[in-house]
Amino acid sequence: ADLKPQELAAEYERNDRYDLAIPVWEQVFADESRPVAERCEAASRLAKLQTYFLRRDAAIGTLDAAIGWRETPQALRGRLLLQKSRTMLSDKVFEEEFTRAQLDAAAKVLSDAFAMSGASQRERFESAVSMVDAYLAGGQPQAAIDYAEARLKDTKLSGPDKTSLYIQEASGYIAQSN
């Protein structure tokens, strides 16, 4: 049976044949005759592989292209923005230290993602916690506190998730006092 290119690429990924998967995802991503949902899926999968191979700038470029397509629906755009914010906080080199400007840029993209539909409450929570963690790891406890405070105010969270975010915020205060 003939596999669709996306099925073929996914099969290559399952078999750790990224050398074969990447060109197929690139082909689907670039094929303007394909439905935009397929192209966005290809962008997401391709960016994930690019990030895995420490090619963060290429991954961000791939995601930006899909985010920028006029026909990309808002829900997909929101999911791609969430992925972009996570990608911005991925290592370009092993255990990279991020500048305040890089952290703030990732937080801005995350805010843009939160403004759109498409992200589940769980994804929003996990992304917010990752952002607070990134600020703390970057030696920016006040920024971590401010970010946690803002998300507690403007993001609908379940009780346990809210508690976890308060604990993250407390970590900022502890880091400040040390």
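Summary of the structure given here. Owing to the predicted nature of the structure, the values given are computational and were not obtained by experimental measurement. (Residues numbered from 1 in each chain as written. Predicted model: local features only at pLDDT ≥ 70, side-chain atom pairs only at ≥ 80, totals over all residues. Heavy atoms only, no water.)

1. Some details on helix α2 (residues 18-30)
Every α-helical turn comprises 3.6 residues, leaving residues that sit three or four positions apart pointing alike. Relative to the 18 Å expected for 13 residues at 1.5 Å per residue, α2 spans 18 Å between its end C-alpha atoms, a close match to the ideal helical length. Taken together, the buried positions of α2 are Tyr-18, Ala-21, Ile-22, Val-24, Trp-25, Val-28 and Phe-29. Against α1 (5-14), α3 (36-52) and α4 (56-68) lie the buried residues of α2. (Helix = DSSP H or I, 4+ residues; strand = E, 2+ residues; numbered from the N terminus. Expected span 1.5 Å × (residues − 1). Buried < 20%, exposed > 50% of the residue type's maximum accessible area, 1.4 Å probe, protein only. Contact = heavy atoms within 4.5 Å.)

2. Brief notes about the nonpolar core
Core analysis: the biggest nonpolar cluster contains 50 residues, and Trp-25, Cys-40, Leu-103, Met-131, Tyr-135, Tyr-147 and Leu-165 have the highest contact counts within it. Residue assignment for this core shows that the elements contributing at least two residues are α2, α3, α4, α5 (74-88), α6 (100-114), α7 (121-137) and α8 (141-154). What Tyr-147 contacts, discounting residues up to four positions off in sequence, is Ala-107, Leu-110, Phe-114, Ala-128, Met-131, Val-132 and Tyr-135. (Core = buried A, V, L, I, M, F, W, Y, C linked by side-chain atoms within 4.5 Å.)

3. With respect to α4
Its 13 residues place the ends of α4 18 Å apart at the C-alpha level, agreeing with the 18 Å of an ideal helix rising 1.5 Å per residue. Of all the residues in α4, the buried ones are Arg-56, Ala-59, Ile-60, Thr-62, Leu-63, Ala-66 and Ile-67. An end-on view of α4 places all buried positions within 160° of arc, on one side of the element. Contact partners of the buried residues in α4: α2, α3, α5 and α6. (Arc of directions from axis to C-beta.)

4. Comments concerning the packing of α7 against α8
In the contact formed by α7 and α8, the axes pass within 7 Å of each other and the chain directions differ by 165°. The orientation of α7 with respect to α8, classified from their angle, is roughly antiparallel. Between α7 and α8 lies a crossing of left-handed hand. Here Ala-128, Met-131, Val-132, Tyr-135 and Leu-136 of α7 come into contact with α8, specifically with Pro-141, Ala-143, Ala-144, Tyr-147, Ala-148 and Arg-151. (Axes fitted to C-alpha atoms, helices over the stretch in contact; angles between N-to-C directions. Parallel < 35°, antiparallel > 145°, perpendicular 65-115°, else oblique. Left-handed = near helix turned anticlockwise from the far one by under 90°.)

5. Brief notes about the packing of α6 against α7
For the pair α6 and α7, interaxial distance at closest approach is 10 Å and the crossing angle is 170°. With respect to each other, α6 and α7 are oriented roughly antiparallel. Seen along the crossing, α6 lies across α7 with a hand that is left-handed. The residues of α7 that touch α6, namely those facing Arg-100, Leu-103, Asp-104, Ala-106, Ala-107, Leu-110, Ala-113 and Phe-114, are Arg-124, Ser-127, Ala-128, Met-131, Ala-134 and Tyr-135.

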